[in-house]
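Listed below are the residues making up each chain.
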Amino acid sequence: MPTFIPTQPRLSAIVRQDASGELTISGTSRPLIAADTARLRAGIIARCAAIGRQVGRPVRLTVVDVDATYQLGIHPDAFVQILNPDGTVDDASDDKRAIGDSPCRHCSKPQSLKYNFCTLCGTKAPHDVEAAPASLSGASRGRTAQ
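These numbers come from a predicted model, not from an experiment.

**Q** Go over the overall build of the protein chain with me, naming the residues and quoting the values.
**A** When helices and strands are counted, the protein chain shows 2 helices and 10 strands. Long-range pairs, those at least 24 residues apart, make up 39% of the contacts in the protein chain with a sequence separation of at least 6. Carbon and sulfur atoms make up 54% of the accessible area of the protein chain, which amounts to about 7900 Å² in all.

Now the structure itself:
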C-alpha cells in the first residue's frame, strides 16, 4: 500500500555542476558546498533524513539537479524514492531498501547516510555540506583540538 508524504516541512534543493547548491527548509535557504556533486547530493539526503527523524516520518524533497528536476521521498533511514504524482511512495520491503553512503567529512571513511554521527571517528553530522560559517568550525562538527 502506498504511503502519502505530507508537503510540510517544505524542502527543496538546488544542485549545481560546481558542487555548490542550496537547501531550503520551510523558506529558509542554506548555502551548500562539497568536494563533488555526489557528496553534495549525499549531504542533502542525510540532512533531509535527519529532518525525517525529527518529524517521525518520510519527507518530500524537490531537487533541481544539474540535468533534471525530481520529486523525492526521503525516509528517516535515508532511503530515497521517487515520489508518485499523487504524493505517495510505494512500500518497499527491507531487502529492497538500499541506503547510500558517502565519506565522512572528517576521517573520509565511508559512512551510511542514515547515521547522524561517524561510527569510526565520532564526528557529528558526517555528511554536512552547509557552507555557513558555523558548520565549518571544528566545534560544531564534533572535532576536538589536537
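Moving on, there is more to tell.
**Q** Can you tell me about the sheet that holds strand S3 (residues 20-25), naming the residues and giving the values?
**A** The strand order S4-S3-S2-S5-S6-S7 describes an open sheet built from 6 strands, whose pairing is mixed. Both edges of this open sheet fall to strand S4 (28-33) and strand S7 (80-82), since each of them pairs with a single strand only. Strand-to-strand, the axes of this sheet are offset by a mean angle of 25°, without reference to chain direction. Pairing geometry for strand S5 (residues 59-64) and strand S6 (residues 69-74), over 6 bridges, is antiparallel.

What counts, and where the lines are drawn
Residues numbered from 1 in each chain as written. Predicted model: local features only at pLDDT ≥ 70, side-chain atom pairs only at ≥ 80, totals over all residues. Heavy atoms only, no water. Helix = DSSP H or I, 4+ residues; strand = E, 2+ residues; numbered from the N terminus. Contact = heavy atoms within 4.5 Å. Areas by Shrake-Rupley, 256 points an atom, 1.4 Å probe, with all protein chains shown as cover. Pairing = 2+ DSSP bridges. Axes fitted to C-alpha atoms, helices over the stretch in contact; angles between N-to-C directions.

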